[in-house]
Amino acid sequence: MKSIWYISKYVKTSHVGNSGSRGFFLLNELSKSNFECTIFSSYPFKYQKSYEKIISNIKRNFKYIFINSYQYKKANSIKRIISWLDFERKLLFLQKINLPKPDVVIVSSLSLFTIINGLILKKKYACKLFFEVRDIWPLTLTEEGGFSDRNPLIIFLKFLEFIGYKYSDHIIGTMPNLKEHVNNVLGYSKEVTCIPIGFDDEEINKTKEITKNIKMLIPKNKFIVGYFGGIGISNALDSFFDAIDKMKDNKDIHFLIAGEGDLKHNYYFQTKHLTNITFLPLVEKKFIYSLMSNCDLLYFSTHKSRIWKYGQSLNKLVDYMLTGIPIIGSYDGYKTMINESECGEFISPNDREAIIRKVLTYQGMSIEKRKHIGEKGKKWILKNRSYKRLSCSLSKIIFKNI
């Protein structure tokens, strides 16, 4: 039985009531097929008050190790960096004597600092090191965060990125064109495999109907455009809310917003005088598909940025496609699942008028045509993106390298 250690500060687990996340679901599937899996994470659990390290045996050959590191509230604060450093320090000195020796250590960003622990573990256990990239840092900081290339933090993060790519035995990316970026950083070609965001069959089976209180907030006999997900700086929603304001006199179209983020209150007060928008309270994952099913069109957005030339694999797009509802997105990067499945369309980022035109186009379609477009996405995602299928890809890479 081969042993895998998966290290990422931000891995949730449905085992303790959360919605779960990619790393957990991938290793859960591998643990069913002759792999001994261990996750090291610091995802904050509200009930956890002790500063002791906790080892939770999920099942015989699957362990989840929670490292209680410093927590923070705002993602764009220095406290986030402090939290990263605290996690790495505690991970470094964590007693691992009772754990199975790893054949493969998978270091998953963020945080990039974890690659240091990965290299130490690779040397200590003479195992293989995989570097998994879920977000391209520090490029994201310089492209969307306003950081200068000469900033000391950026210089250090670029160094960590370089050694991570150079000294790892294999690189995994959730985005389809990461190889181009890796080659640019290294100056030579290195093998990169795309294992994107997917879905878990068991999580879908946990889906429940939204409560009557929530359902009452959704207008009847309207064309509903939904946005579900983060509401922060990185979500590029200014043009979307401008479009909502511009369409305030169209009584047949209504916008439904569900999510959390630093800018939620700003947008709420910006649009509270409008009657064509509804902000919903935080909705649990198990209700999200039921909630989305009340929409006729789903929207997502990104900034115009160089990072998208390497592709993207957003969680929300997987959820969107599983609903069988058409999707429009403000995005101009590398092709996505929406291109492959033809379940929606893209428009230029930060273009309010383009958003309005597309919303009106889909409103004018017949219900049958919209349903046909949306169902193409659902069929495609069910066929190609289950974590059971994606874990097979990861398994092949592991056996190829050990």
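Everything below is about the structure printed above this text.
What counts and how
Residues numbered from 1 in each chain as written. Predicted model: local features only at pLDDT ≥ 70, side-chain atom pairs only at ≥ 80, totals over all residues. Heavy atoms only, no water. Helix = DSSP H or I, 4+ residues; strand = E, 2+ residues; numbered from the N terminus. Buried < 20%, exposed > 50% of the residue type's maximum accessible area, 1.4 Å probe, protein only. Contact = heavy atoms within 4.5 Å. Polar contact = N/O pair within 3.5 Å; in protein donor to acceptor, adjacent residues only side chain to side chain. Phe/Tyr/Trp six-rings, centres within 6.5 Å; stacked < 30°, edge-to-face > 60°. Lys NZ or Arg CZ within 6 Å of the ring centre and 35° of its normal. Pairing = 2+ DSSP bridges.

Colleague: Just to check I follow, could you spell out the environment of tyrosine 299 for this structure?
Modeller: Secondary-structure assignment places tyrosine 299 in strand S12 (residues 297-301). Residue classification places tyrosine 299 among the buried positions, given a relative accessible area of 0%. Distance from tyrosine 299 to phenylalanine 228, taken between C-alpha atoms, is 8.0 Å for residues 71 residues apart in sequence. Excluding anything up to four places from it in sequence, tyrosine 299 contacts Val225, Gly226, Tyr227, Leu237, Phe240, Tyr320, Ile328, Ser330 and Ile355. Within polar-contact distance, the side chain of tyrosine 299 engages the side chain of serine 330 at 2.7 Å.

Colleague: Where do I start with unusual backbone geometry in this structure?
Modeller: Negative phi is the rule for most residues except glycine; trans is the rule for most peptide bonds. The omega torsion across serine 109 and leucine 110 is -10°, close enough to zero to call that bond cis. Mapped onto the elements of the fold, leucine 110 is located in the loop between strand S5 (104-108) and helix H3 (114-125). With phi around 50°, alanine 126 is a residue other than glycine that occupies positive phi space. Mapped onto the secondary structure, alanine 126 falls in the loop between H3 and strand S6 (128-133).

Colleague: Where do I start with the packing of aromatic side chains in this structure?
Modeller: The description of two aromatic rings rests on the distance between their centres and on the angle between their planes. Tallied over the entire structure, the rule returns 24 aromatic pairs. Seen from their ring centres, phenylalanine 241 and phenylalanine 279 are 5.9 Å apart, and the 5° between their planes marks the pair as stacked. A residue pair is termed long-range when its members are at least 10 positions apart, and phenylalanine 241 in helix H9 (residues 238-246) and phenylalanine 279 in strand S11 (residues 277-280) qualify at 38 residues. We classify phenylalanine 241 as buried; its relative accessible area is 1%. Among the aromatic side chains, those forming a connected cluster through ring pairs are Tyr227, Phe240, Phe241, Phe255, Tyr267, Tyr268, Phe269, Phe279 and Tyr299. A cation sits over an aromatic face here: lysine 166 above tyrosine 167, 5.6 Å from the ring centre.

Colleague: Got a minute to help me understand the pairing of strand S2 (residues 35-41) in this structure?
Modeller: For a regular strand, side-chain orientation follows a simple rule: the groups alternate between the two sheet faces. The element S2 is largely enclosed, with a buried count of six among its seven residues. Note: strand S1 (residues 2-7) against S2, six bridges, orientation parallel. Across the sheet, residue isoleucine 4 finds its bridge partner in S2, namely cysteine 37. Both S2 and strand S4 (residues 62-66) contribute to a ladder of five bridges, which runs parallel. Residue pairing in the sheet places threonine 38 in a bridge with lysine 63 of S4.

Honestly, it's all geometry; don't read function into it.
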